[in-house]
Amino acid sequence: GLPSDRFLFLGFPPRSGPARRALFESLAGEPGTLVFYESGKRAEAMLADLAVVFGDGRRAVLARELTKRFETFLAGSASELRGLLSGDPDQRKGEMVILVEGASADSDPDLREPGRVLGLLCEDLPLARAAALAARITGASKNRLYRLGLELGLGGQASPEER
């Protein structure tokens, strides 16, 4: 369901979150469909990073177990696909190809910034604090950023003492 007139095959993305997000940021303006391989164990984390960097405005397709008996195709935003994977452990099994719609000619890169900042802050801060800081930095709504963080399962690794 995604355009195939222009695509960029990228293989497996980096395993670590910061390196993976840096790759996605470098691809934010790519107009062609992005094609990745990913393991079922890392697919949810990859989809979360895609949602943070690209936002939920881009369509994505998760193709699992291609040419095999349990071949499946799931389509939606990165957040929707992540929800489908987290809700069904069977969908995390096997080999995956994840396709992401390319950037449209009229897409505004500034719309990705609040989500990107939130994702970075959530690496070290609780979600509420990260949303408040991201709102101050970007001018976006704190409540909207907090809801986005909840949808993406963000929240950082801060200890209870730091909260």
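Residues numbered from 1 in each chain as written. Predicted model: local features only at pLDDT ≥ 70, side-chain atom pairs only at ≥ 80, totals over all residues. Heavy atoms only, no water.

## Overview of the pattern of salt bridges
Evaluation of the coordinates by the stated rule reveals 9 salt bridges. Its salt-bridge partner being arginine 42, residue glutamate 38 comes within 3.2 Å of it at the nearest N-O pair. Per residue, the accessibility class of glutamate 38 equals that of arginine 42, and both read buried. Its salt-bridge partner being lysine 93, residue aspartate 90 comes within 3.2 Å of it at the nearest N-O pair. Salt bridges linked by common partners bring Arg20, Arg21, Asp49 and Glu123 together as one network. (Salt bridge = Lys/Arg side-chain N within 4 Å of Asp/Glu carboxyl O. Buried < 20%, exposed > 50% of the residue type's maximum accessible area, 1.4 Å probe, protein only.)

## Remarks on the packing of helix 4 (residues 113–122) against helix 5 (residues 127–138)
It is at 9 Å that the axes of helix 4 and helix 5 come closest, and there the two elements cross at 140°. By the angle class used here, helix 4 and helix 5 are oblique. Of the two elements, helix 4 crosses helix 5, and the hand of that crossing is right-handed. Residues Glu113, Pro114, Val117, Leu118, Leu121 and Cys122 of helix 4 pack against Leu127, Ala130, Ala131, Leu133, Ala134, Ile137 and Thr138 of helix 5. (Axes fitted to C-alpha atoms, helices over the stretch in contact; angles between N-to-C directions. Helix = DSSP H or I, 4+ residues; strand = E, 2+ residues; numbered from the N terminus. Parallel < 35°, antiparallel > 145°, perpendicular 65-115°, else oblique. Left-handed = near helix turned anticlockwise from the far one by under 90°. Contact = heavy atoms within 4.5 Å.)

## Comments concerning empty space enclosed by the protein
One pass over the structure, following the stated rule, counts 1 cavity of 30 Å³ or more. Along its surface, the largest cavity is lined by Leu50, Phe54, Gly55, Arg58, Arg59, Ala60, Ala78 and Val100. (1 Å grid on protein atoms, 1.4 Å probe; cavity = no way out; pocket = protein on both sides within 12 Å on 5 of 7 lines; lining within 4 Å. Points joined across faces, edges and corners; volume = space filled by probe spheres on them.)

## Things to note about the pairing of strand 5 (residues 95–100)
Pairing geometry for strand 2 (residues 33–39) and strand 5, over 6 bridges, is antiparallel. Within strand 5, the position partnered with phenylalanine 36 by the bridge is isoleucine 98. (Pairing = 2+ DSSP bridges.)

## Quick word on the packing of aromatic side chains
Two descriptors summarise a pair of aromatic rings, namely the distance from one centre to the other and the angle between the planes of the rings. A complete count under the given rule lists 4 aromatic pairs for this structure. Plain terms: the ring middles of phenylalanine 12 and tyrosine 37 are 5.6 Å apart, the flat faces sit at 55° to each other, and that makes the pair tilted. Within this pair, whereas phenylalanine 12 is found in the loop between strand 1 (7–11) and helix 1 (17–26), its partner tyrosine 37 is found in strand 2, the two being separated by 25 residues in sequence. Judged by its relative accessible area of 54%, phenylalanine 12 is exposed. Of the residues examined, tyrosine 37 reaches a relative accessible area of 36% and is grouped as partly exposed. (Phe/Tyr/Trp six-rings, centres within 6.5 Å; stacked < 30°, edge-to-face > 60°.)

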